[in-house]
Amino acid sequence: MIAPSILSADFARLGDEAEAVSRADWLHVDVMDNHFVPNLTLGLPVVKSLLKATDLPLDCHLMIDDPDRWAPGYAEAGAANVTFHVEAAADAVQTARAIRAAGAMAGLSLKPGTPLEPYLEVLREFDTLLVMTVEPGFGGQSFMAEVLPKVRLARREVRAGHLRLFIEVDGGIDQDTISAAAEAGADVFVAGSAVYGADDPGKAVEALRVTAREAMTRS
Ligand code: DX5
Ligand code: ZN
């Protein structure tokens, strides 16, 4: 699945920007609070407006402190998937349960330096694992191939039947890097600048999908 990130879109025209990628699978919405990350974007009011403006499932990526308090509200509003950071959560399992009880999928995200092994049990309570392939906070950074062992480990756990998860990568995904992520076992690809920096964002989504599919059939 391809999930364009509106972080690289024109925030004054979000409805049109969502329409431009209407054949994507999810629309990725980066919520930043200027505390967990040194950047500030948008929050629940904008997500509520976006839900009215698009039929695309919203993939909310919360880069915020105290997700235990705030994440369930995004699920209640109607987001399809609500991902929060394990580094910020006080009780990841309880928060995942609250998100699911509100009708959304629950996602857990790891910064590049956060290992996966300690969370393999906890991930049984989740639908999505978001492996950050850049330091969270900004679009347009370079892909960090050194985090791909986490994607491979997660894919092995899914193949072995220990976990049932989407494995999502976020940061620096473009035509040059998506193959390595797909071969490692990712199945959801977030792309901000590679989609909204293109002349035709819709075509960019299709091109990324083709490249990822080719890599998956090779691996
Ligand atoms: C970064 C965000 C990403 C960002 C990716 O913290 O989580 O979703 O939009 O942007 P690109 O694809 O430009 O790296
Ligand atoms: Zn993101």
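For the structure itself, look to the data block above.
Conventions and cut-offs
Residues numbered from 1 in each chain as written. Chains lettered and ligands numbered in written order. Predicted model: local features only at pLDDT ≥ 70, side-chain atom pairs only at ≥ 80, totals over all residues. Heavy atoms only, no water. Phe/Tyr/Trp six-rings, centres within 6.5 Å; stacked < 30°, edge-to-face > 60°. Helix = DSSP H or I, 4+ residues; strand = E, 2+ residues; numbered from the N terminus. Buried < 20%, exposed > 50% of the residue type's maximum accessible area, 1.4 Å probe, protein only. Expected span 1.5 Å × (residues − 1). Contact = heavy atoms within 4.5 Å. Polar contact = N/O pair within 3.5 Å; in protein donor to acceptor, adjacent residues only side chain to side chain. Near = heavy atom within 4 Å. Areas by Shrake-Rupley, 256 points an atom, 1.4 Å probe, with all protein chains shown as cover. 1 Å grid on protein atoms, 1.4 Å probe; cavity = no way out; pocket = protein on both sides within 12 Å on 5 of 7 lines; lining within 4 Å. Sits in = over half its atoms within 2 Å of the grid points. Nonpolar A, V, L, I, M, F, W, Y, C, P; charged D, E, K, R; others polar. Donors = N, O, S within 2.8 Å, 3.2 Å for Na, K, Ca; no water. Tetrahedral: all angles 85-135°; square planar, octahedral: opposite > 155°, others 65-115°. Points joined across faces, edges and corners; volume = space filled by probe spheres on them. Axes fitted to C-alpha atoms, helices over the stretch in contact; angles between N-to-C directions. Parallel < 35°, antiparallel > 145°, perpendicular 65-115°, else oblique. Left-handed = near helix turned anticlockwise from the far one by under 90°.

## With respect to the packing of aromatic side chains
So, point 1. Taken as a whole, this structure holds two aromatic pairs when the rule is applied.
So, point 2. Look at Trp26 and Phe166: their rings are 5.5 Å apart centre to centre, the planes differ by 85°, and that puts the pair in the edge-to-face class. You can see Trp26 sitting in the loop between helix 1 (14–19) and strand 2 (27–32) and its partner Phe166 sitting in strand 7 (residues 166–170), a full 140 residues away along the chain.
So, point 3. On the basis of relative accessibility, which here comes to 30%, the residue Phe166 falls in the partly exposed class.
So, point 4. For the pair Phe84 and Phe126, a centre-to-centre distance of 5.8 Å together with 55° between the ring planes defines the contact as tilted. Of the two residues, Phe84 sits in strand 4 (residues 81–85) while Phe126 sits in the loop between strand 5 (105–110) and strand 6 (128–132), which places them 42 residues apart along the sequence.
So, point 5. You can call Phe126 buried: its relative accessible area is 1%.

## Some thoughts on helix 8 (residues 201–218)
So, point 1. Over its 18 residues, helix 8 extends 26 Å from the first C-alpha to the last, a length consistent with the 26 Å expected when each residue adds 1.5 Å.
So, point 2. Those residues of helix 8 lying buried are Pro201, Ala204, Val205, Leu208, Arg209, Thr211, Ala212 and Ala215.
So, point 3. Those residues of helix 8 that are buried are in contact with strand 1 (2–4), helix 6 (178–184), strand 8 (188–191) and helix 7 (193–196).
So, point 4. Capping the start of helix 8 is the job of one residue whose side-chain oxygen sits 3.0 Å from the backbone nitrogen of Gly202: Asp200.

## Overview of the side chain of Thr128
So, point 1. Mapped onto the secondary structure, Thr128 falls in strand 6.
So, point 2. For Thr128, a relative accessible area of 0% corresponds to the buried category.
So, point 3. Among the polar contacts made by the side chain of Thr128, one reaches the side chain of Asn81 at a distance of 2.9 Å.
So, point 4. Not counting the four nearest positions on each side in its chain, Thr128 is found in contact with Trp26, Asn81, Thr83, Ala106, Gly107, Leu108, Leu165, Phe166 and Glu168.

## Thoughts on the site of ligand 1
So, point 1. Taken together, 20 residues lie near ligand 1, and Ser5, Gly137, Asp170, Gly192 and Ser193 sit nearest.
So, point 2. Residue Ser5 places a side-chain N or O atom 2.7 Å away from an oxygen atom belonging to ligand 1.
So, point 3. In this structure, Gly172 approaches ligand 1 through a main-chain N or O atom, which is 2.8 Å from an oxygen atom.
So, point 4. In isolation ligand 1 offers 380 Å² of accessible surface; the protein chains occlude 100% of this area.
So, point 5. Given that more than half its atoms are within 2 Å of the pocket grid, ligand 1 belongs to the largest pocket.
So, point 6. Counting only elements with at least two residues in the shell around ligand 1, the list comes to strand 2, strand 3 (58–63) and strand 8.
So, point 7. Counting residues per element, the shell around ligand 1 draws most heavily on strand 2, at three residues.
So, point 8. Across the shell around ligand 1, the residue classes tally to eight nonpolar, ten polar and two charged.

## Some remarks on the coordination of the zinc ion (ligand 2)
So, point 1. The protein atoms that coordinate the zinc ion (ligand 2) are His28 (NE2), Asp30 (OD), His61 (ND1) and Asp170 (OD), at distances spanning 2.1 to 2.2 Å.
So, point 2. With six donor atoms in place around the zinc ion (ligand 2) and angles of 71 to 170° between them, the coordination shape is octahedral.
So, point 3. Linear spacing of the donor residues for the zinc ion (ligand 2) on their chain is H-x1-D-x30-H-x108-D. Remark: Asp170 occurs in strand 7 and His28 occurs in strand 2; sequence separation between them is 142 residues. Summarising the burial analysis for this pair, His28 and Asp170 share the class buried.

## Some remarks on the layout of surface pockets
So, point 1. Of the pockets and cavities examined, the largest pocket occupies roughly 270 Å³.
So, point 2. What lines the largest pocket is a set of 25 residues, among which Gly139, Gly140, Asp170, Gly171 and Gly172 lie closest to the centre.
So, point 3. Listed by contribution, the elements that provide at least two residues to the lining of the largest pocket are strand 2, strand 3, strand 8 and helix 7.
So, point 4. Partitioning the lining of the largest pocket into residue classes produces eleven nonpolar, eleven polar and three charged.

## A short note on the packing of helix 2 (residues 44–53) against helix 3 (residues 67–77)
Any two packed helices are characterised by how steeply their axes cross, that is the angle between the axes, and by the distance between the axes.
So, point 1. One can describe the packing of helix 2 onto helix 3 by two numbers: an axis separation of 10 Å at closest approach and a directional angle of 15°. Compared by their axis directions, helix 2 and helix 3 come out roughly parallel. Between helix 2 and helix 3 the crossing geometry is right-handed. For the pair helix 2 and helix 3, the contacting residues are Leu44, Val47, Lys48 and Leu51 in the first and Gly73, Tyr74 and Ala77 in the second.
So, point 2. Among the residues forming the contact of helix 2 with helix 3, the class breakdown is five nonpolar, one polar and one charged.

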